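Each chain is listed here by its residues.
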Amino acid sequence: MCFLAEEDQGALPSKGDFSAWYNELLWRAEIMDVRYPVKGLYVWYPFGFSLRRNVYDLLRLLLDRDHQEALFPLLIPEHELAKEAEHIKGFEDEVYWVTHGGLSPLDVKLALRPTSECAIYPMYALWVRSHADLPLKIYQIVNTFRYETKHTRPLIRLREITSFKEAHTVHTTWEDAERQVEEAIALYREFYGRLCVPVIVSRRPEWDKFPGADYTMAVDTVMPDGRTLQIGTVHHLGDHFSKTFQITYEDVAGEQRFAHQTCYGISERSIAALISMHGDDRGLILPPDPAPVQVVVVPITIGKRKDEVSAEVAGIEKELAAAGFRVKVDSRDIRPGAKYYYWEMRGVPLRLEVGPRDIDAGQVTVVTRLGEKSQVPRNALVAGVTERLASFAATLKERAEAHVRTRIRVSRSMDEVLAAVEDGVTLVPWCGSRECADLIEEKTRAAVLGTDVRSMYLVDASGPCVACGKQGITALVGRSY
RNA sequence: GGGGUAGUAGGGUAGCCUGGUCCAUCCUAGAGCGUUUGGGACGCUUUGACGGCAGUUCGAAUCUGCCCUACCCCA
């Protein structure tokens, strides 16, 4: 099996073999180390953590416009977690329990939060008094724990979600909460826009909504192998939780009323999507916004002119850093080619090559991660780098959209569904019944993901239901992670 | 949840059935020295492992039990 050394040194598995590519890339690009000795728990390498920080900084920037960040405890007492019947039913199989303090059994078992509604809402009951306190929009970025029984996968299916951004809002009316749902969707669209990851928004079927919610809107993307990945959810909680946790406010007429709530979350699956969407056989490809290193400078030093090149490179580094770019000079004593491969694996958007020929010509050689090579005059470097990073991001976005567009097809029969979900998702007419959804799943191993499908590639697929033939509406169907 | 296979250095393998004290081999692995440097350089030197716990034994990578972890198949 070991033919790599001769044919193609150091190559990743082809992206066509997505699973192998993904696993190998995670450690080759130093995102995650999967060798931690507990199932479903993984370690962020410094490089991966830096990527994570940039991604979550973007998310914070968007949320901080009108949300406040806070922090609630990891442990939830059993009686609080069990308060909302539907909610606990949805999670009870996956909860980790803390049962002992030292050697003594605890009087009240404590759950590691699988999500934080039951940690936050008892406090909201204390905090919310008047209509003037509303809307209340708070978020936190924390780790959560779920004892996943299915196949765990780094960044995608975890027993410790390390990077769960969850927002919890409180409103006076159902309609106001509904408007918040739309705002959250818009916010998530903007976030994924910055990551150049195209998304499809849809309304999850009744049986697949968040436990305790009125309805759930989901944000999905289409992975390279055509399977979908849920990378964000927005839930309208109605007044279920406010009744359970007694979150009431006094309205303008002096009446006590139950509040209406929403919650919405994004996890490190956003990073899985980012990595998977753009990467290629050479490694990561990162858009400039989240890239830990945006520009790498490789000095080409030969013999006597070494000092001259070093001085030039130092000047370039200073100038770019002053302009706000995350720039890295690679002055290691290895050949330039090895550096190119190294930084390509790590997805750096732009590489600058600076050697004697460039100095003589008064220029810098610029190569994008997609391999486009050009020269920028040394005296217009910042402008040149700015322009190339912008067009690089635009190109990534186009590539990603082209990928998703070719993976969405319309199917009008079960056979067409079966063919379509082999390597993509499909829009099908569906009558809306659970029975037909189950039949579709049974025959195609693909699930009805949602209705009210919103995508820039939307095609109307209403017509006779592919399962029963009754009049149906457009539904999104696909195999998901 | 049920079944199967496996875990040997940074990564990949052989050895295990048939126990033998220095435990081999490959690599884009690591460390050092020197020569090199416009797409993965080369030479020399060198480091480093039998998943964990217990048992059997004069002696365990090898046999037994339990546990952990990984992968595959089925539900």
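Anyway, here's the lowdown on the structure attached to this text. Every residue gets a number counted from 1 within its own chain, in the order that chain's sequence is written. Lettering of chains starts at A and numbering of ligands starts at 1, both following the order in which they are written. Given that this is a predicted model, residues contribute local features only at a pLDDT of at least 70 and side-chain atom pairs are listed and counted only at 80 or more, while totals for whole chains, interfaces and linings are drawn from all residues. Values shown for side chains rest on all heavy atoms present in the structure; no hydrogens or waters enter the calculation.

1. Quick look at unusual backbone geometry
Turning to step 1, where the next piece is worked out: Cis geometry is adopted by the peptide bond preceding Pro-135, which originates at Leu-134 and carries an omega value of -5°.
Turning to step 2, where the next piece is worked out: Secondary structure elements are taken from DSSP: a helix is a run of H or I of four residues or more, a strand is a run of E of two residues or more, and numbering for both begins at the N terminus. For Pro-135, the location among the structural elements is in the loop between helix H6 (117-127) and strand E7 (136-145).
Turning to step 3, where the next piece is worked out: The phi dihedral of Glu-30 falls on the positive side, at around 60°, and the residue is not glycine.
Turning to step 4, where the next piece is worked out: Looking at the element boundaries, Glu-30 is found in the loop between helix H2 (18-28) and strand E1 (32-33).
Turning to step 5, where the next piece is worked out: Working definition: with a 1.4 Å probe on protein chains only, accessible area under 20% of the residue-type maximum means buried, over 50% means exposed, and in between means partly exposed. Classification of Glu-30 as partly exposed rests on a relative accessible area of 28%.
Turning to step 6, where the next piece is worked out: Positive phi values are uncommon outside glycine, yet Arg-445 reaches one of about 60°.
Turning to step 7, where the next piece is worked out: One can find Arg-445 in the loop between helix H15 (434-444) and strand E24 (447-454).

2. A look at the sheet that holds strand E17 (residues 327-329)
Turning to step 1, where the next piece is worked out: Strand order in the open sheet formed by five strands is E17-E16-E19-E20-E21, with mixed pairing between adjacent strands. Because the sheet does not close on itself, it has two edges, and the strands there are E17 and strand E21 (373-377). Between one strand and the next, the sheet's axes are offset by a mean angle of 25°, whatever the strand orientation.
Turning to step 2, where the next piece is worked out: Here a strand pair is declared whenever DSSP counts at least two bridges between the two strands. Two elements, strand E19 (residues 350-354) and strand E20 (residues 363-368), share four bridges in a ladder whose sense is antiparallel. The residue of E20 that forms the bridge with Glu-353 is Thr-365.
Turning to step 3, where the next piece is worked out: By definition, residues are in contact when any of their heavy atoms lie within 4.5 Å. Comment: axis = line fitted to C-alpha atoms, over the contacting stretch for helices; angle = value between 0 and 180 degrees taken between N-to-C directions. The sheet strands contacting helix H10 (residues 306-322) are strand E16 (295-299), E17, E19 and E20, and the helix crosses E19 at an angle near 150°.
Turning to step 4, where the next piece is worked out: Sheet contacts for helix H13 (residues 381-406): E16, E19, E20 and E21; angle to E21, the most-contacted strand, approximately 150°.

3. Considering the environment of Tyr-147
Turning to step 1, where the next piece is worked out: Secondary-structure assignment places Tyr-147 in the loop between E7 and strand E8 (160-171).
Turning to step 2, where the next piece is worked out: Looking at Tyr-147, the relative accessible area reads 36%, which means it is partly exposed.
Turning to step 3, where the next piece is worked out: Each C-alpha atom of the pair Tyr-147 and Asp-93 lies 7.5 Å from the other, and the pair is 54 residues apart in sequence.
Turning to step 4, where the next piece is worked out: Setting aside its immediate chain neighbours within four residues, Tyr-147 contacts Asp-93, Glu-94, Tyr-96 and Arg-159.

4. So, the side chain of Thr-169
Turning to step 1, where the next piece is worked out: Position of Thr-169 among the secondary structure elements: in strand E8.
Turning to step 2, where the next piece is worked out: According to the relative accessible area criterion, Thr-169 is buried, its value standing at 0%.
Turning to step 3, where the next piece is worked out: A 3.5 Å cut-off defines polar contacts: any pair of N or O atoms within that distance qualifies, except that in protein one atom must be a possible hydrogen donor and the other a possible acceptor, and neighbouring residues in sequence count only when both atoms are side-chain atoms. A distance of 2.6 Å separates a polar atom in the side chain of Thr-169 from a polar atom in the side chain of His-171.
Turning to step 4, where the next piece is worked out: Separated by 2.5 Å, the side chains of Thr-169 and Thr-262 make a polar contact.
Turning to step 5, where the next piece is worked out: Discounting residues that sit within four places of it in the chain, Thr-169 has contacts with Leu-136, Lys-137, Gln-180, His-260, Gln-261, Thr-262 and Tyr-264.

5. Overview of the pattern of salt bridges
Turning to step 1, where the next piece is worked out: Should a side-chain nitrogen of Lys or Arg be within 4 Å of a carboxyl oxygen of Asp or Glu, the pair is scored as a salt bridge. Scanning the entire structure with this criterion turns up 32 salt bridges.
Turning to step 2, where the next piece is worked out: Note that Glu-190 is salt-bridged to Arg-65, the shortest N-O span being 2.8 Å. With Glu-190 in helix H7 (residues 174-194) and Arg-65 in the loop between helix H3 (46-63) and strand E3 (68-69), this residue pair connects regions lying 125 residues apart in the sequence.
Turning to step 3, where the next piece is worked out: The class for Arg-65 is exposed, based on a relative accessible area of 55%.
Turning to step 4, where the next piece is worked out: In this structure, Asp-360 engages Arg-305 in a salt bridge whose closest nitrogen and oxygen atoms are separated by 2.8 Å. Of this pair, Asp-360 sits in helix H12 (residues 356-361) while Arg-305 is found in the loop between E16 and H10, placing the two residues 55 residues apart along the sequence.
Turning to step 5, where the next piece is worked out: Note on Arg-305: relative accessible area 26%, which makes it partly exposed.
Turning to step 6, where the next piece is worked out: Several salt bridges share partner residues, and in doing so they unite Arg-282, Glu-344, Arg-351 and Glu-353 into one network.

6. With respect to the pairing of strand E10 (residues 215-222)
Turning to step 1, where the next piece is worked out: By the criterion of burial, E10 is predominantly enclosed, with eight of the eight residues buried.
Turning to step 2, where the next piece is worked out: Bridge count between strand E9 (residues 200-203) and E10: four bridges; the pairing is antiparallel. Each residue of the ladder has a partner; that of Arg-203, found in E10, is Met-217.
Turning to step 3, where the next piece is worked out: Where E10 lies against strand E11 (residues 228-238), eight bridges are found, and the strand directions are antiparallel. Each bridged residue has a counterpart across the sheet, and for Thr-216 the counterpart in E11 is His-235.
Turning to step 4, where the next piece is worked out: Connecting E10 to the next strand, E11, in antiparallel fashion are five residues, including Gly-226 with a positive phi near 90°.

7. Remarks on the packing of aromatic side chains
Turning to step 1, where the next piece is worked out: Classification of ring pairs rests on two measures: the distance between centres of Phe, Tyr or Trp rings, Trp counted by its six-membered ring, which must be within 6.5 Å, and the angle between planes, read as stacked under 30 degrees, edge-to-face over 60 and tilted in between. The tally for this structure, following the rule as stated, stands at 17 aromatic pairs.
Turning to step 2, where the next piece is worked out: Between Tyr-96 and Phe-145, the ring centres sit 6.2 Å apart and the planes meet at 80°, which makes this aromatic pair edge-to-face. One end of the pair, Tyr-96, is in the loop between helix H5 (85-91) and strand E5 (97-101); the other, Phe-145, is in strand E7, and 49 residues separate them in sequence.
Turning to step 3, where the next piece is worked out: Among the residues examined, Phe-145 registers a relative accessible area of 12% and is labelled buried.
Turning to step 4, where the next piece is worked out: When the centroid spacing of 5.6 Å and the interplanar angle of 75° are considered together, the rings of Tyr-121 and Phe-241 count as edge-to-face.

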